[in-house]
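Per-entry structural report
Each chain, written out:
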Amino acid sequence: MDSYLIQVKGKASLRDVHLSLHGKSLSTGPGKGRKPHWAVRASEMSKRTFNPIRAIVDSMQVTPNPQKPLISLSIGDPTVFGNLPSDEEVMQAMKDALETGDYNGYAPSVGYQPCREAVAKYYSCPEAPLEAQDIILTSGCSQAIELALGVLANPGQNILVPRPGFSLYKTLALSMGIEVKFYNLLPEKSWEADLKQMESLVDDKTACLIVNNPSNPCGSVFSKSHLQKIVAVASRQCVPILADEIYAEMVFEDCRYEALAKVSPRVPVLSCGGLAKRWLVPGWRMGWILIHDRGDIFGKEIRDGLVRLSQRILGPCTVVQGALGGILRRTSPEFYHNTLSFLKSNADLCYAALSAVCGLNPVQPSGAMYLMVGIQTDHFPEFENDVEFTERLIAEQSVFCLPATCFEYPNFFRVVLTVPADMMAEACQRIRQFCEQHYQGEEGAQELECDK
């Protein structure tokens, strides 16, 4: 049996105890004499995590009008109503991958090599060439954005984010201890960025500039010349770009899509995308990061950082990875065309209908699957803000649109364009009835006549 000696200095207490074992001195250090008790608390990261959409929607204590079926124009999930199925070739590629039995195990954290090669081949172009090593496969575009932010920014730094813009940027940044600075998009210029104001936000702690094109929530598409001006700002300020391009190529026939990396020969770009929207399979959670770094500014450090971050969770579903090559190769052009034709038809219907409504100012979209509508709040004085406006719209007309406060842009609301055409027409008619009932003229009396 080992022998040991306990020495207590001063008065006998547990504050300063020394043990000697076989002549070796061991110190317990100062004891606190605490009584054990439960003290489980949520982490600071969890406390900083805040989703504006969930916070606003969950706080809306409202019941739809039971006399009218609910029409939800709020959810950016194109599968909700069953009217926009994915292409048959997409389904077949998944079946083929499953039946091989080759994709039941773990994949490398950055994705299977042949799948990365397929993505690189699909998106590579002479202006912005890609190889498999430039691709990181992720669990949806959301994880791609999370990894990109995680590798570019440290706590205490800041990022530039569009306003109005997708709320996830702020949610992720704040949870990481990163400050968010908003640059304005201008509705009177089809939601182009206010470049002067954007550049004024840059300081020595700015880690990256987020550019979302085509835009959620605006449905806008930047021209090549406007993208070049954005890149020029980033180049002058030596700020890398995180390009959220989940709606890549989802533009209407009178518009042209340009990948940001094609107009950025020097500024490094992390382009985030995925299958969710264009292929209409958001639940499959397949995303990617395209690393564009022709000037070798990111170098090895950023690439290695992305690999390390990807190893925290082992990426997207392996069966979907197995199907990815077939999806990219075999999806029919008719499928893309039909999807966009439907979205444009709904966009035209909604824009025309709401343009004729007193007190509303819709902004014509050019792509994605959304339309933003301005509310002339002076003509609806009984509503305090866009949140109350949309709450009452639910209660009275059973039409659910997201208030644009969710996107840091009050006094607008967002319409999702993926609903069946008859539901879109019915929703617009109900919105018109609602506005006619509550619109007030300049003198405060109810006024159904206006310049429209």
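This structure is a prediction, so every number in the text was calculated from the model and none was measured.

Each helix and strand counted, the chain has 13 helices and 17 strands in total. C-alpha atoms of the chain, sized along the principal axes, occupy 95 × 55 × 50 Å. Within the chain, the proportion of its 452 residues that are buried is 51%. A separation threshold of at least 6 residues defines the contact pool for the chain, and within that pool the share at least 24 residues apart is 72%. Between the centroid of the 43 positive side chains of the chain and the centroid of its 51 negative side chains there is a distance of 11 Å.

Let's shift gears to the side chain of Asp293. Position of Asp293 among the secondary structure elements: in the loop between strand S12 (287-292) and helix H9 (299-310). Buried within the structure, Asp293 lacks any salt-bridge partner; Arg303 is the closest side chain of opposite charge, at an N-O distance of 5.0 Å. There is a polar contact of 2.8 Å between the side chain of Asp293 and the backbone nitrogen of Ile297. With near-sequence residues (within four places) excluded, Asp293 lies in contact with Pro268, Phe298, Gly299 and Arg303.

Turning next to the side chain of Gln143. Take Gln143: it is sitting in helix H5 (residues 140-152). Given the relative accessible area of 12%, Gln143 is considered buried.

In a regular helix each residue adds 1.5 Å, so 13 residues correspond to 18 Å; helix H3 (residues 88-100) covers 19 Å between its end C-alpha atoms and thus fits that length. Of all the positions in H3, only Val90, Ala93, Met94 and Ala97 are classed as buried. Down the axis of H3, the buried side of the element spans an arc of 100°, and every buried residue falls inside it. Turned more than 90 degrees off the buried face of H3, the exposed positions are Glu88 and Glu99. In the core, the buried residues of H3 are packed alongside helix H10 (318-330). Gly101, located one to two residues past H3, shows a positive phi value of around 70°.

Another aspect to go through is the packing of H5 against H9. Closest axis-to-axis distance for the H5/H9 pair is 9 Å, and the angle between their directions is 130°. Judged by the angle between their axes, H5 and H9 are oblique. Between H5 and H9 the crossing geometry is right-handed. Taking contact as the criterion, the partners of Leu147, Ala148, Gly150, Val151 and Leu152 in H5 are, on H9, Ile302, Gly305, Leu306, Leu309 and Ser310. Tallied by class, the residues present in the contact of H5 with H9 amount to seven nonpolar, three polar and no charged.

With that out of the way, let us pick up the packing of H5 against helix H6 (residues 168-175). At their nearest, the axes of H5 and H6 sit 10 Å apart, and the two run at 40° to each other. Regarding the angle of H5 to H6, the classification is oblique. Regarding H5 and H6, the two cross each other, and that crossing is right-handed. Here Ser142, Ile145, Glu146 and Leu149 of H5 come into contact with H6, specifically with Leu168, Tyr169, Leu172 and Ala173. Partitioning the contact of H5 with H6 into residue classes produces six nonpolar, one polar and one charged.

The rules behind the values
Residues numbered from 1 in each chain as written. Predicted model: local features only at pLDDT ≥ 70, side-chain atom pairs only at ≥ 80, totals over all residues. Heavy atoms only, no water. Helix = DSSP H or I, 4+ residues; strand = E, 2+ residues; numbered from the N terminus. Buried < 20%, exposed > 50% of the residue type's maximum accessible area, 1.4 Å probe, protein only. Contact = heavy atoms within 4.5 Å. Lys, Arg positive; Asp, Glu negative; His and termini not counted. Charge placed at Lys NZ, Arg CZ, Asp CG, Glu CD. Salt bridge = Lys/Arg side-chain N within 4 Å of Asp/Glu carboxyl O. Polar contact = N/O pair within 3.5 Å; in protein donor to acceptor, adjacent residues only side chain to side chain. Expected span 1.5 Å × (residues − 1). Arc of directions from axis to C-beta. Axes fitted to C-alpha atoms, helices over the stretch in contact; angles between N-to-C directions. Parallel < 35°, antiparallel > 145°, perpendicular 65-115°, else oblique. Left-handed = near helix turned anticlockwise from the far one by under 90°. Nonpolar A, V, L, I, M, F, W, Y, C, P; charged D, E, K, R; others polar.

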